[in-house]
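Structural overview for review
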Amino acid sequence: SLVFDDRDLVSAAAYSPAGDVLYLVTQGAETLEAYDAVNGALLGGIPGVGRAPDGVAVGADGRVFVFASNSREIIAYDAVSRGTLAEVWRVALTD
C-alpha cells in the first residue's frame, strides 16, 4: 500500500495505457508522481505542477495531462521513460 504522510491530499489519479504506472497529483504539495502500479514503488515525480492540481489524465500515447485549478492551466508531460516525466507545454486558461 502507498503511504502519503505529511503530503496533503491526493486529488486525482490515472493509469498509464499499459496499466503499469499510476500517476497521482497532490494539491498541497503541488506534485505529479508516478508509482509502480504493482508494488507501489515511487518511480519519479515533478514538483510545481501548478497551483492546486486537481485533475490528471493519460492519453493513449502515454502523454500525461495535469489540470491545476488555482493557476488555471493545463500542463502536458511526456513519459520519457517509465516514471520519468518531461514538461512539453503549459497552457493558461482564460475566460
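We now turn to the structure provided with this report. (Residues numbered from 1 in each chain as written. Predicted model: local features only at pLDDT ≥ 70, side-chain atom pairs only at ≥ 80, totals over all residues. Heavy atoms only, no water.)

Residues Val-64, Val-66 and Ala-68 point to one face of strand β6 (residues 64–68) and are all buried, whereas Phe-65 and Phe-67, pointing to the other face, are not buried. With 5 bridges connecting them, strand β5 (residues 53–58) and β6 associate as antiparallel partners. Residue pairing for β6: Val-56 is matched across the bridge by Val-66. Counted between consecutive antiparallel strands, the loop separating β5 from β6 contains 5 residues, among which Gly-62 sits at a positive phi close to 90 degrees. Pairing between β6 and strand β7 (residues 73–81): 5 bridges, direction antiparallel. Its bridge partner lying in β7, Phe-65 is registered against Ala-76. (Buried < 20%, exposed > 50% of the residue type's maximum accessible area, 1.4 Å probe, protein only. Helix = DSSP H or I, 4+ residues; strand = E, 2+ residues; numbered from the N terminus. Pairing = 2+ DSSP bridges.)

This next bit is on the side chain of Glu-73. Considering the arrangement of structural elements, one finds Glu-73 in strand β7. Since its relative accessible area comes to 11%, Glu-73 is described here as buried. Within the local environment of Glu-73, its side chain forms a polar contact with the side chain of Arg-90, the two groups lying 3.1 Å apart. (Polar contact = N/O pair within 3.5 Å; in protein donor to acceptor, adjacent residues only side chain to side chain.)

Attention now goes to unusual backbone geometry. The residue Glu-30 is not glycine, and still its phi comes out positive at about 55 degrees. Secondary-structure assignment places Glu-30 in the loop between β2 (21–26) and β3 (31–36). Residue classification places Glu-30 among the partly exposed positions, given a relative accessible area of 26%. A positive phi is found at Arg-72, a non-glycine position, where the angle reads about 50 degrees. With respect to the helices, strands and loops of the structure, Arg-72 is situated in the loop between β6 and β7.

We now examine the environment of Gly-48. Examined against the element boundaries, Gly-48 turns out to sit in the loop between β4 (42–47) and β5. Taking the C-alpha atoms as reference points, Gly-48 and Asn-70, separated by 22 residues in sequence, lie 12 Å from one another. Once residues within four sequence positions are removed from consideration, Gly-48 is found in contact with Glu-30 and Arg-90. (Contact = heavy atoms within 4.5 Å.)

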